[in-house]
Amino acid sequence: QASYVRVGNPNLNPEKGKSADLGIRYYSANLKIISSIFFNSFDDLVTEIPGTFDGRSAFIKTNIGEARIYGLDIRADYNFYSDYVFYASASYIKGDDITSSGHLPEIPPMNGNLGIKFNLFDKLSADFSSTIFARQDKVAAGELTTPGYAIFNLSLNTNIIRLSAVDFRIFAGVENIFNTEYRNHLSTTRGYITTEPGRNFFITLNTKW
């Protein structure tokens, strides 16, 4: 199928909502934890509903009615030995279409990161990480489900190098090391393009003066 059409709606009602957010932070010499729990309640929430427009598959801007979105985010960094830092994060979001007793569209699945950072020699830092997404099967009517996946990345960067009046850093690495085939749940509306990029090598130069 071809790419989806996104259709606006000039007759939409403005969204109305209430929100609450509770955050907890903890810091010690070797451990940092940042967390947040949130809850949002909406009336006339505007979202995109799958449908058709001029005979083509489309996502149409629509007032849902009553809905709620809630979840949590957490991040932890642990300096467990010398300059070795282990870090982890997790994010969970749930969207409920209360009016139709279903799920809201375009809600990402539970996901997170695991990684370790450390110094190499005196001028170089390394970061090895994984990005993990759970399966998303709590979807709105007409929305595609998405399998879970994990990808691994490695990056290296120099510390700041000063040359005359210019500071610069060099970044290099590889993304999706094992060339995993996967689909991002929020990128499932691109027609024939259904998977994300494979293995990617990069090198960049950052300058400041």
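Parameters at a glance
- Residues numbered from 1 in each chain as written.
- Predicted model: local features only at pLDDT ≥ 70, side-chain atom pairs only at ≥ 80, totals over all residues.
- Heavy atoms only, no water.
- Helix = DSSP H or I, 4+ residues; strand = E, 2+ residues; numbered from the N terminus.
- Patch = residues over 30% accessible without salt bridge, like charges linked within 9 Å, V, L, I, M, F, W, Y side chains within 5 Å.
- Areas by Shrake-Rupley, 256 points an atom, 1.4 Å probe, with all protein chains shown as cover.
- Salt bridge = Lys/Arg side-chain N within 4 Å of Asp/Glu carboxyl O.
- pLDDT = per-residue confidence, 0-100.
- Buried < 20%, exposed > 50% of the residue type's maximum accessible area, 1.4 Å probe, protein only.
- Core = buried A, V, L, I, M, F, W, Y, C linked by side-chain atoms within 4.5 Å.
- Contact = heavy atoms within 4.5 Å.
- Phe/Tyr/Trp six-rings, centres within 6.5 Å; stacked < 30°, edge-to-face > 60°.
- Pairing = 2+ DSSP bridges.
- Axes fitted to C-alpha atoms, helices over the stretch in contact; angles between N-to-C directions.

A. The arrangement of unusual backbone geometry in detail. Positive phi, close to 60°, is recorded for D44, a residue that is not glycine. Within the secondary structure, D44 is located in the loop between β3 (31-43) and β4 (46-53). A positive phi angle, near 60°, is found at S164, a position not held by glycine. Relative to the helices and strands, S164 resides in the loop between β12 (161-163) and β13 (166-175).

B. Structural context of a nonpolar patch on the surface. A contiguous nonpolar patch, built from L22, I24, I37, L72, I74, Y92 and M110 and spanning about 640 Å² of accessible area, is present on the exposed surface. Contributing elements (two or more residues each) for the nonpolar patch: β2 (16-27) and β6 (66-81). Looking at the element boundaries, I37 is found in strand β3.

C. Fine view of the confidence of the model for the chain. Looking at the chain, pLDDT values average 89 and 95% of them are 70 or higher. No element of the chain has a lower mean pLDDT than β4, at 77, and none a higher one than strand β7 (residues 84-97), at 97.

D. Molecular detail of the pattern of salt bridges. In this structure the tally under the stated criterion is six salt bridges. In this structure, D96 engages R68 in a salt bridge whose closest nitrogen and oxygen atoms are separated by 2.9 Å. Separated by 28 residues along the polypeptide, D96 in strand β7 and R68 in strand β6 bring together distant segments of the chain. With relative accessibility at 33%, the residue R68 sits in the partly exposed group. Between R162 and D167 there is a salt bridge whose closest N-O contact spans 2.7 Å. A relative accessible area of 64% means that R162 is categorised as exposed. Three or more residues joined by partner-sharing salt bridges are found here, namely R68, K94 and D96.

E. Representation of the nonpolar core within the structure. Counting eight residues, the largest nonpolar core is built from F38, F42, L45, I64, A67, I69, L104 and I107. Broken down by secondary-structure element, the contributors of at least two residues to this core are β3 and β6. Contact partners of L104, with chain neighbours within four places excluded, come to L45, I64, A67, R68, I69, G95, D96, D97, A140 and E143.

F. Just the packing of aromatic side chains, in detail. A full pass over the atoms with the stated rule returns nine aromatic pairs. Geometrically, the ring pair formed by Y78 and F80 is tilted, given 6.4 Å between the ring centres and 40° between the ring planes. On the basis of relative accessible area, F80 is assigned to the partly exposed category, the value being 39%. A ring pair is formed by F133 and Y149, whose centres lie 5.2 Å apart and whose planes are at 10°; its orientation type is stacked.

G. Geometry of the sheet that holds strand β1 (residues 5-7). If you trace the three strands from one edge of the open sheet to the other, you get β1-β5-β4, paired in mixed fashion. Edge positions in the sheet fall to β1 and β4, since each of these pairs with one other strand and no more. Within the sheet, the average angular offset between the axes of one strand and its neighbour, ignoring direction, is 30°. Two strands pair when backbone bridges link them, and β1 and strand β5 (residues 56-63) are joined in this way by three bridges, in the parallel orientation. By the bridge assignment, V7 is partnered in β5 with I60.

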